[in-house]
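# Summary of the model geometry
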Amino acid sequence: DVLVRPISSDEVKEKALDMLERVKIPARSWRVGSVALTLLTILCLLGAMGSSIVTDIVRGLFLAYARGNYLTAHAKDVYDVDRLPATFASGKYVLTNKKGNVYNIGANQLYVRSSTTFARYRVTSAISLGAGSEGSPTSITVDIIAVEAGAKSSAGVAEIDELETKLVGVTGSNPTSLLGRDADTDDQLVHRCVVRRGTWSPFGPRDAYESAALDATFPDG
């Protein structure tokens, strides 16, 4: 606990006051706002900052205590496990034109969204959508990708149902689900490191299979 718990500035100040009192300096009687007490307070704040940095480094040496960037570095250095980043949901989108207008739109200029989750997506390539009619609509399939990364960008079939960029007579829908993933939390990364140990055994323990499953990704990431 001494190694991994940072000391607050108040704790540092209390220790400093005790030390000054021991050497017969009446620091506890210094007036609030005086130069001496102000300087001591500033030094204690700096000491607390240093304590925080040191304890973060110490915590980074142990899988059970490491957090944040220190955990990311520890996982890579000791277990060769990378923190999985957040991904952008992406997939196919069908645009259907039931009017006589022709639309030619550049890449990344057409935006669509879900009325359910309010997540936004952009069409990644230039499109050319020909004229259609109610009885004979024109359709094209395009690629879309979420504007924001993470699981909140996921969408079920047909949930992306609104064109943010209004096109008269044009509707859209996603024929398949789109899946976005959040970045690994600290706890998830620690767990992936723990089960990675199973791959070090030649006897095929359960953790080895779990490690393979948790690390698996599709070719697109």
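What counts and how
Residues numbered from 1 in each chain as written. Predicted model: local features only at pLDDT ≥ 70, side-chain atom pairs only at ≥ 80, totals over all residues. Heavy atoms only, no water. Salt bridge = Lys/Arg side-chain N within 4 Å of Asp/Glu carboxyl O. Helix = DSSP H or I, 4+ residues; strand = E, 2+ residues; numbered from the N terminus. Buried < 20%, exposed > 50% of the residue type's maximum accessible area, 1.4 Å probe, protein only. Contact = heavy atoms within 4.5 Å.

Summed over all chains, the structure comprises 16 salt bridges. Measuring nitrogen to oxygen at the nearest pair gives 2.8 Å for the salt bridge that ties R113 to E162. With R113 in strand β3 (residues 111-113) and E162 in strand β7 (residues 162-163), this pair connects stretches of sequence that are 49 residues apart. Taking relative accessible area as the criterion, R113 reaches 28% and is therefore assigned partly exposed. Residue E162 is classed as partly exposed on the basis of its relative accessible area of 27%. Note that R192 is salt-bridged to D215, the shortest N-O span being 2.7 Å. Within this pair, whereas R192 is found in helix α4 (residues 186-196), its partner D215 is found in helix α5 (residues 206-215), the two being separated by 23 residues in sequence. R192 sits in the buried class, given a relative accessible area of 7%.

Where α4 is concerned, the buried positions are D186, L189, V190, R192, C193, V195 and R196. Tucked inside the fold, the buried residues of α4 contact α3 (68-79) and α5.

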